[in-house]
Amino acid sequence: MQPPSDDAPLDYYRISGEQTLRQLESRQHGLTTTEAAKRLERDGPNVITSHRKNPVWLLYLQQFKDLMIILLLASSFIAWYLDDPRTSAVLFVLAVFNTTIGFLQEFKAGRLMASLEKLVVPEAVTMRGGKQIPVPSAELVVGDVVYVEEGNSVPADLRVLTKDVLSTNDFALTGESNPTRKFTHAISGPVPLAARQNLLFMGTTVAAGHGMGVVIGTGMQTELGRIASLSEATARQASPLQKEMNNIAGKVTQGTIILCLILLPVAINSGLPFKDALLFAIGIACALIPNGLPAAISTSLARAAGKLAKAKALVKKLSAVETLGATSIICTDKTGTLTQNQMTVEELLIGRATYFVTGKGYEPEGDIKNADHNALNDDKLQDLELFFITGALASNARVNPPDEDHASWYVLGDPTEGAVVALAQKAGINTGFLEHTYPELREFGFDAARKRMSSIRMYGLHKEPYVFVKGAPENVLERCTHIWDHGTVRPLHAAERDYLLHHNEQKALTAMRNLGLAYRVLPKGADVQKMHMDDIEDNLVWLGMVSMIDPLRAEVPAAMEVARRANIKVSIITGDYAVTAKAIAVRAKLTDDPKDIIVVTGEELEALSDARVLELAARGGVIFSRVSPEDKLRIVGLVQDSGKVVAVTGDGINDAPALKRADIGVAMGITGTDVAKQAAEIILLDDSFNTLVGAVQEGRVIFQNIKKATICSFTNNAAELMVNLMSLAGATIAGIPLALTVLQILAIDIIAELFPIAALGGDRADRDLMREEARNPKHHILNVNSVADLAWSGLLIGGLTFMNYLWFFTRHGVHANTVATDSALHFQATALTYLTLVLCLLANVLLRRSEHGLFTRYQLHNKSLWVAIALSLFCVANIIYNPWLTNYFHTAPLTLADIVTAVGSMALFVAIREFQRWSNKHHSREAVLALHRSLK
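Residues numbered from 1 in each chain as written. Predicted model: local features only at pLDDT ≥ 70, side-chain atom pairs only at ≥ 80, totals over all residues. Heavy atoms only, no water.

**Q** Is there a simple way to think about the overall build of the protein chain in this case?
**A** Along its length, the protein chain carries 33 helices and 27 strands. Of all 936 residues assigned to the protein chain, the portion counted as buried reaches 55%. Put simply, 72% of the contacts in the protein chain that link residues at least 6 apart link residues at least 24 apart. Counting every atom, the protein chain has about 39,300 Å² of accessible surface; 59% of that belongs to carbon and sulfur. (Helix = DSSP H or I, 4+ residues; strand = E, 2+ residues; numbered from the N terminus. Buried < 20%, exposed > 50% of the residue type's maximum accessible area, 1.4 Å probe, protein only. Contact = heavy atoms within 4.5 Å. Areas by Shrake-Rupley, 256 points an atom, 1.4 Å probe, with all protein chains shown as cover.)

Structure below.
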């Protein structure tokens, strides 16, 4: 029968396998084919499903909801209706270009559910009517009995019935970095997901051994299905840059429509025909819409994304680059991000003697040194051989050399066991030969209750039955009665036991993972297959303790210092235990003073109010340990709702909801699952926290450049608008022809804006941005001060440009109101207007690059900008002098005198702006000095 509720499958770990079979109306030899078919009809297939799959065409059409896109399309339609196909085509292409960029970004974001669906394996070996047969995993039902072995993916949630050295890689689901050894007995009380060691979960893989289990959950009723539902229900938030651009788009669109509605009747009253008045209104719209800004921003972001890729940070969503710069809170994982994800033995305690181990990772290279740090010779290592052999024979992992898929030595199986095997190899022991010579007779696997594992083998010269034991030191010690001390076996006294326990506690506080090793020689002739586990694991001889660690990445403390200096609050969210996590946090310098670190366990987190959780996250220096996917999602959601920008790192399936919800989801490229990578916007190819901090710095630089690009773009729009308004005033008052056509305005946007402004993306920081506060997303680029400044710049450029237009007619001895709009003289005048405007706008780009002004060495570093300016000037020259283009744009060749007047206008603009900058800086310095004097 189907479990009574959605939560019921979580209780199967508290009852025996036989009870589970009875509750599910199943049996050891499985269901019949008929019964399985009935249950499949009733419960549905064993698949991960998505309830929100919009067709591609609908995703594309949704892009046209943007107000600026609608305005561009409306302007294009009106231009076509007014028999101006050239302008209509350019406007239409701009609209399609911008919608396509948005569509491609959303299309990529829809892959998360597809990656979750891939975790469901195509086929499973199932007991049906007492026979093992392959069945499509989609047809598995609750009550099916399934066989799994090393290398298999688990096809559904299972309650373990039988096992033989069975362990699974659950880190993607639970956050546990080590494979989890499975057992069959029931667990007496409620435990978190990671401790339910008699369950197997869909989407995990079998690391070692084999076994059988009964299906307790399929499809969306599995733990994986629960996380899939959580991920699907989690809405991805718009990035700060998207919000900023939407804010700008809304204001610009509203202002454009209002201004066009006001100026259209004014243009008609000025004597313009209705058709020309409408085209003038389109010109106003083109002047106000930053047509080149989206492309310029995309180019800048793409350039930064390329730079980050070289620094081992792969950007999937371009807007994420800028969001990094606004990040004020980072919630980082521990394993693999702060640490190297390679367990390494560093210290041994044998008797009361301490030994140190050199080498890194699983590579069998290194020395074992005494307390004076002198390497042990072969004789000394021979004396300690039993210690090393016990660790190797009580382990199932294998350590392998580098190959095509692994750049360094790697472990198959439990990383902790791999570190012990590597230790034996460093001591000169051939572990492969050892395993072959002394095959295992029986094994009692590790479980969360005993915290020990035992392996029985015929060992020694006389092939006696030896029990080799390893496990948590306190749990091994409780079964020991004697101690081996460099060849001597003697009783283990209470004082010595206390010393060993104290040593274990001290090492644990420094993030060391400790294993106790012990052995026992069983009586000759003992039937080891019939002996009870408690009888075998008794009267043990204590050998010593192995202390290992997942080493901290060397660059992490410096990266933490950079983050603190940049006022970024960092906290750790991990599935690991609090003691281990805190020890790593101290080494990583999570806070300046270790006393400032706060530890919150999953149980404690549930009892905290939302206000307190937000306070802790905003404070930084907090470790949230043993947390669930819901806990992580709660923390991220609270931070986001407070208006702060949060970056979250993760590598597992359980991290996907939080990665998707966060402003910046950062997945691990080496240890990360496909699900985590699909949910994230950025993938760290080296899994390093240092790379993330470097990416934040790049994000701050790119926002600085986007801000410059936005202000420059809107200065262009303000200048074009001023020229149009002055032209309208001239036409209304004195009948002077318009100074620019719609097509010329579009050409200015593309030539004088797109190339140079896009090149601003290559600018480096002109000050130490990582010593400043993170940008507040509520502070807009277009604020009162910036709008006032760009309006003044636009008025100045527009005024100089229109004065040059009028002066052109004066220099040629004609009245402007007598010139025909289709005459060569008017074409030449518009060409001069066009050139003057472009030169001033290019100068404006250079002026806004640095707060130190135009005349600084900073102007020389970005070569691509100068190439872009040269390209813009080349295009301008073609529009003015190329006969094929002059007819298209209604321009005519200029004389040297005309060019001099255009350059003169640009020089006057530069002089005025530089004087203004110097004056503001001078007054600011005087104000600071005055304040300093008053304080004295």
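And the narrative resumes.
**Q** I'm lost on the packing of aromatic side chains in this one. Help?
**A** A ring pair, where both rings are aromatic, is described by two values, the distance of the centres and the angle of the planes. Taken as a whole and assessed by the stated rule, the structure comprises eleven aromatic pairs. Residues Tyr 459 and Tyr 466 carry aromatic rings whose centres are separated by 5.1 Å and whose planes lie at 75° to one another, so their mutual orientation is edge-to-face. Tyr 466 shares its class with Tyr 459; the two are buried. Grouped by ring-pair contacts, the aromatic residues Tyr 438, Tyr 459, Tyr 466, Phe 468 and Tyr 519 constitute a single cluster. (Phe/Tyr/Trp six-rings, centres within 6.5 Å; stacked < 30°, edge-to-face > 60°.)

**Q** Looking at this model, I keep getting lost on the sheet that holds strand β23 (residues 598–601). Mind explaining?
**A** Pairing between the strands of a sheet comes from backbone hydrogen bonds, and it takes one of two forms, parallel or antiparallel. Pairing in this open sheet of eight strands is mixed, and the strands run β8-β27-β26-β25-β9-β22-β24-β23 from one edge to the other. In the strand order of this sheet, the two ends are held by β8 (313–315) and β23, each with one partner. Adjacent strand axes in the sheet meet at a mean angle of 20° when their direction is disregarded. Across four bridges, the pairing between β23 and strand β24 (residues 622–625) is parallel. (Pairing = 2+ DSSP bridges. Axes fitted to C-alpha atoms, helices over the stretch in contact; angles between N-to-C directions.)

**Q** Could you clarify how one ought to interpret the nonpolar core in this entry?
**A** Within soluble globular proteins, side chains that are nonpolar generally end up buried alongside one another. One finds Tyr 834 and Phe 909 to be the most contacted residues of the largest nonpolar core, which totals 51 residues. Broken down by element, this core gets its largest block of residues, 15 residues, from helix α30 (residues 824–847). Beyond its immediate sequence surroundings of up to four residues, Tyr 834 is in contact with Leu 740, Gln 744, Ala 747, Ile 748, Ile 751, Val 876 and Ile 879. Of all hydrophobic cores here, the second largest spans 50 residues; its members include Leu 24, Val 145, Met 202 and Leu 638. (Core = buried A, V, L, I, M, F, W, Y, C linked by side-chain atoms within 4.5 Å.)

**Q** So what exactly am I meant to see when it comes to unusual backbone geometry here?
**A** Where the residue is not glycine, phi is negative for most of them; where a peptide bond is considered, it is trans in most cases. Positive phi values are uncommon outside glycine, yet Glu 25 reaches one of about 55°. Counting through the fold element by element, Glu 25 comes out in the loop between α1 (17–23) and α2 (33–43). Note on Glu 25: relative accessible area 44%, which makes it partly exposed. Although it is not a glycine, Arg 626 adopts a positive phi angle of roughly 55°.

**Q** Looking at this structure, I do not really get the pairing of strand β3 (residues 145–149). What am I missing?
**A** Regular strands show a simple pattern: their side chains alternate between the two faces of the sheet. Alignment of strand β1 (residues 123–128) against β3, held across three bridges, turns out to be antiparallel. Across the sheet, Val 125 pairs through a bridge with Tyr 147, a residue of β3. Bridging between β3 and strand β7 (residues 205–217) involves five bridges; their strand directions are antiparallel. The partner of Val 146 across the bridge, within β7, is Gly 213.

**Q** What am I meant to see in helix α23 (residues 610–619) here?
**A** At 3.6 residues per turn, the α-helix brings residues three or four places apart onto the same side. Among all positions in α23, only Val 613, Leu 616 and Ala 617 are buried. End-on, the buried residues of α23 take up no more than an arc of 95°, which puts them together on one face. Following α23 by one or two positions, Gly 620 adopts a phi angle in the positive range, close to 80°. (Arc of directions from axis to C-beta.)

**Q** Explanation requested: empty space enclosed by the protein in the structure shown.
**A** One way to see where empty space is left: roll a probe the size of a water molecule over the atoms. What the rule picks out here adds up to three cavities of 30 Å³ or more. In this structure, the second largest cavity encloses a volume near 60 Å³. Lining the second largest cavity are Ser 167, Pro 179, Arg 181, Ala 208, Asn 396, Ala 397, Gly 413, Asp 414 and Glu 417. A breakdown of the residues in the lining of the second largest cavity according to their chemical character gives three nonpolar, three polar and three charged. (1 Å grid on protein atoms, 1.4 Å probe; cavity = no way out; pocket = protein on both sides within 12 Å on 5 of 7 lines; lining within 4 Å. Points joined across faces, edges and corners; volume = space filled by probe spheres on them. Nonpolar A, V, L, I, M, F, W, Y, C, P; charged D, E, K, R; others polar.)

**Q** What is the right way to look at helix α24 (residues 629–641) in this model?
**A** With 13 residues, α24 extends 18 Å from end C-alpha to end C-alpha; this agrees with the ideal 18 Å at 1.5 Å per step. Summarising burial for α24: ten of the 13 residues are buried, a large majority. Of the residues making up α24, those classed as buried are Pro 629, Asp 631, Lys 632, Leu 633, Ile 635, Val 636, Gly 637, Leu 638, Val 639 and Gln 640. At the C-terminal side of α24, Gly 643 shows a positive phi close to 95°. (Expected span 1.5 Å × (residues − 1).)

**Q** Could you clarify how one ought to interpret the confidence of the model for the protein chain in this entry?
**A** Interpretation of the predicted coordinates at a detailed level should be avoided for regions scoring low in pLDDT. The predicted model of the protein chain averages 83 in pLDDT, with 87% of residues at 70 or higher. A low-confidence stretch, residues 1–9 (pLDDT under 50), is modelled with 17 contacts involving residues beyond four sequence positions or located in other chains. (pLDDT = per-residue confidence, 0-100.)

**Q** Can you help me understand a nonpolar patch on the surface in this one?
**A** Judged by side-chain polarity, Tyr 881, Leu 896, Ile 899, Val 900 and Val 903 come together as a nonpolar surface patch covering roughly 450 Å² of accessible area. Considering every element that reaches the nonpolar patch, the biggest residue donor is helix α33 (residues 896–935), with four residues. Examined against the element boundaries, Val 900 turns out to sit in helix α33. (Patch = residues over 30% accessible without salt bridge, like charges linked within 9 Å, V, L, I, M, F, W, Y side chains within 5 Å. Salt bridge = Lys/Arg side-chain N within 4 Å of Asp/Glu carboxyl O.)

**Q** Even after reading the chapter, I still don't get the pairing of strand β25 (residues 646–650), so can you show me in this structure?
**A** The buried fraction of β25 amounts to five of the five residues, a majority that puts the element mostly inside the structure. Of the two faces of β25, both are covered, the one formed by Val 646, Val 648 and Gly 650 as well as the one formed by Ala 647 and Thr 649. Pairing of strand β9 (residues 329–332) with β25, which is carried by three bridges, proceeds in the parallel orientation. Paired with Ile 330 across the bridge in β25 is Ala 647. Examined bridge by bridge, β25 and strand β26 (residues 664–668) share four bridges and lie parallel to one another. Counterpart to Ala 647 in the pairing with β26 is Ile 664. In terms of handedness, the path from β25 via helix α25 (residues 656–661) over to β26 forms a crossover that is right-handed. (Right-handed = clockwise from strand over helix to strand, strands pointing away.)

**Q** How do you make sense of the pattern of salt bridges when you look at a structure like this?
**A** Proximity of charged atoms lets side chains of opposite charge pair with each other. Scanning all chains against the criterion turns up 25 salt bridges. Arg 490 is paired through a salt bridge with Glu 496; the nearest N and O atoms lie 2.8 Å apart. Among the residues examined, Glu 496 registers a relative accessible area of 8% and is labelled buried. Taking the shortest distance from any N to any O, the salt bridge between Asp 592 and Arg 564 comes out at 3.1 Å.

**Q** Would you mind showing me how to read the packing of helix α27 (residues 689–734) against α30 here?
**A** Between two packed helices, what matters for the description is the angle formed by their axes and the separation of those axes. Axis separation between α27 and α30 bottoms out at 10 Å; the angle between their running directions is 155°. Here α27 lies roughly antiparallel to α30, going by the angle between them. Pair α27 / α30 crosses with right-handed handedness. Residues Cys 712, Thr 715, Asn 716, Ala 719, Glu 720 and Val 723 of α27 touch α30, and the partners they reach there are Thr 833, Leu 837, Leu 841, Asn 844 and Val 845. (Parallel < 35°, antiparallel > 145°, perpendicular 65-115°, else oblique. Left-handed = near helix turned anticlockwise from the far one by under 90°.)

**Q** In this structure, what is going on with the side chain of Lys 182? I would like to understand it.
**A** Take Lys 182: it is sitting in the loop between β5 (180–181) and β6 (199–200). In this structure Lys 182 comes out as buried when scored by relative accessible area, which is 1%. A distance of 2.8 Å separates the side chain of Lys 182 from the backbone oxygen of Leu 199, its partner in a polar contact. (Polar contact = N/O pair within 3.5 Å; in protein donor to acceptor, adjacent residues only side chain to side chain.)

**Q** How do you make sense of the environment of Arg 14 when you look at a structure like this?
**A** If you trace the backbone, Arg 14 turns up in the segment before α1. The class for Arg 14 is partly exposed, based on a relative accessible area of 38%. Sequence separation between Arg 14 and Pro 190 is 176 residues, and the spatial gap between their C-alpha atoms is 7.5 Å. The residues touching Arg 14, leaving out its near neighbours within four places in the chain, are Ala 186, Ile 187, Ser 188, Gly 189 and Pro 190.

**Q** I would appreciate a short explanation of the environment of Glu 346 in the present structure.
**A** By the element assignment, Glu 346 lies in strand β10 (residues 344–350). In sequence terms Glu 346 and Ser 547 are 201 residues apart; their C-alpha atoms lie 6.1 Å from each other. Residues in contact with Glu 346, not counting those within four places in the same chain, are Tyr 355, Phe 356, Val 357, Met 512, Ser 547, Met 548 and Ile 549.

**Q** Would you mind going over the environment of Ala 422 with me for this structure?
**A** The residue Ala 422 is located in helix α15 (residues 415–426) in this model. Relative accessible area serves as the criterion here: at 2%, Ala 422 is assigned to the buried category. Between the C-alpha atom of Ala 422 and that of Val 399, which follows or precedes it by 23 residues, the distance is 6.8 Å. With residues up to four places along the chain from it excluded, the contact list for Ala 422 reads Tyr 362, Pro 364 and Val 399.

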